[in-house]
Amino acid sequence: MSETNRDPARHTTPPARDDAFTLFDLRVEVIGTDRPMVCNHQVGDYFTLRGENLAFPAGQTFPLYPLAALLPLLPAKQRPTHPNDWMTTDADIACPDPHCGGRFRITRTGTTTFRHADVTLVPLPPTPEPS
Ligand SMILES: [Zn+2]
């Protein structure tokens with residue numbers, strides 16, 4: 001899976017049909033609570049996610065254990081969810097260290113449109129004939 005086409009020849013043939021899909025771009029930012037931070041994350045530290053790519057500001061680190069706790073949630077937050085789904089409304093994630101006051105706020109900052117053919121080699125199923 002890749003959001004960037006590493007083989008320019010793949011773009012020479014237009015898709016047989018529209019294979020576009022849209023994902024939310026995410027920003028995950030450390031927010032504070034009334035409890036002290038234990039891990040090496042500071043209020044305002046953040047990273048972004050666009051497609052499959054995490055990006056961190058130059059020189060900023062992010063601790064492994066909170067990142068591991070956040071990763072399973074991010075693909076769900078990238079996708080449209082039902083308005084009543086808790087995945088839509090809940091945005092603050094607790095640090096997995098039970099002694100740490102850190103929280104991580106996941107914000108949908110925009111959208112990016114991708115093409116199926118650019119991110120997988122698995123073909124789309126045939127389109128049913130209109131009846
Ligand atoms: Zn923490």
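Definitions and cut-offs
- Residues numbered from 1 in each chain as written.
- Predicted model: local features only at pLDDT ≥ 70, side-chain atom pairs only at ≥ 80, totals over all residues.
- Heavy atoms only, no water.
- Helix = DSSP H or I, 4+ residues; strand = E, 2+ residues; numbered from the N terminus.
- Contact = heavy atoms within 4.5 Å.
- Areas by Shrake-Rupley, 256 points an atom, 1.4 Å probe, with all protein chains shown as cover.
- Donors = N, O, S within 2.8 Å, 3.2 Å for Na, K, Ca; no water.
- Tetrahedral: all angles 85-135°; square planar, octahedral: opposite > 155°, others 65-115°.
- Core = buried A, V, L, I, M, F, W, Y, C linked by side-chain atoms within 4.5 Å.
- Buried < 20%, exposed > 50% of the residue type's maximum accessible area, 1.4 Å probe, protein only.
- Phe/Tyr/Trp six-rings, centres within 6.5 Å; stacked < 30°, edge-to-face > 60°.
- Lys NZ or Arg CZ within 6 Å of the ring centre and 35° of its normal.
- Pairing = 2+ DSSP bridges.
- Axes fitted to C-alpha atoms, helices over the stretch in contact; angles between N-to-C directions.

1. Description of the overall build of the protein chain
Next up, step 1: Scanning the protein chain from N- to C-terminus turns up 4 helices and 5 strands.
Next up, step 2: Traced from its N-terminal end to its C-terminal end, the protein chain shows the element sequence β-β-β-α-α-α-β-β-α.
Next up, step 3: By sequence separation, contacts in the protein chain at least 24 residues apart represent 65% of the contacts at least 6 residues apart.
Next up, step 4: Entry remark: accessible area of the protein chain is about 8500 Å², with carbon and sulfur atoms responsible for 59%.

2. Focus: the coordination of the zinc ion
Around a metal, the idealised angle for a tetrahedral arrangement of four donor atoms is 109.5 degrees; for an octahedral arrangement of six donor atoms it is 90 or 180 degrees.
Next up, step 1: Cys39 (SG), His41 (NE2), Cys95 (SG) and Cys100 (SG) make up the full set of protein donors to the zinc ion, lying at 2.2 to 2.4 Å.
Next up, step 2: Between the 4 donor atoms coordinating the zinc ion, the angles at the centre fall across 100 to 118 degrees, so the site counts as tetrahedral.
Next up, step 3: Between consecutive donors of the zinc ion, the numbers of intervening residues give the motif C-x1-H-x53-C-x4-C. In this pair, Cys39 is assigned in the loop between β1 (20–31) and β2 (46–50) and Cys100 in the loop between β4 (92–94) and β5 (103–115), connecting sequence segments 61 residues apart.

3. Overview of the nonpolar core
Next up, step 1: Counting residues in hydrophobic clusters, the biggest one holds 17 residues, and the most contacted among them are Val28, Phe47, Phe62, Leu70, Leu74, Phe104 and Ile106.
Next up, step 2: Those elements that place two or more of their residues in this core are β1, β2, α1 (64–70) and β5.
Next up, step 3: The dominant element in this core, judged by the number of residues it contributes, is β1, at 3 residues.
Next up, step 4: Setting aside its immediate chain neighbours within four residues, Ile106 contacts Leu26, Arg27, Val28, Leu70, Leu74, Lys77, Ala91 and Ile93.

4. Observations concerning the packing of aromatic side chains
Next up, step 1: All told, the structure shown has 5 aromatic pairs when counted by the stated rule.
Next up, step 2: A centroid spacing of 5.4 Å and a plane angle of 40 degrees characterise the contact between Phe47 and Phe56, whose relative ring orientation is tilted.
Next up, step 3: Members of the aromatic cluster, connected to one another through ring pairs, are Phe47, Phe56, Phe62 and Phe104.
Next up, step 4: In this arrangement the basic side chain of Arg27 is found over the ring face of Tyr46, its NZ or CZ atom lying 3.8 Å from the centre.

5. Comments concerning the sheet that holds β2
Either a parallel or an antiparallel arrangement is found when strands of a sheet pair, and the pairing is made through backbone hydrogen bonds.
Next up, step 1: An order of β3-β2-β1-β5-β4 is seen for the 5 strands of this open sheet, with the pairing classed as antiparallel. The sheet terminates laterally at β3 (53–55) and β4, the two strands that pair on one side only. The mean inter-strand angle of the sheet, taken between neighbouring strand axes irrespective of direction, is 25 degrees.
Next up, step 2: Note: β1 against β2, 4 bridges, orientation antiparallel.

6. Considering the side chain of His41
Next up, step 1: Tracing the backbone shows His41 in the loop between β1 and β2.
Next up, step 2: We classify His41 as buried; its relative accessible area is 0%.
Next up, step 3: Apart from residues lying up to four places away in sequence, His41 is in contact with Val30, Pro63, Pro66, Cys95, Cys100, Gly102 and Phe104.

7. A look at the environment of Pro96
Next up, step 1: Structurally, Pro96 is set in the loop between β4 and β5.
Next up, step 2: Among the residues examined, Pro96 registers a relative accessible area of 42% and is labelled partly exposed.
Next up, step 3: Put simply, Pro96 and Tyr65 are 31 residues apart on the chain and 7.0 Å apart in space, counted from C-alpha to C-alpha.
Next up, step 4: Setting aside chain neighbours within four positions, we find Pro96 in contact with Tyr65, Pro66 and Ala69.

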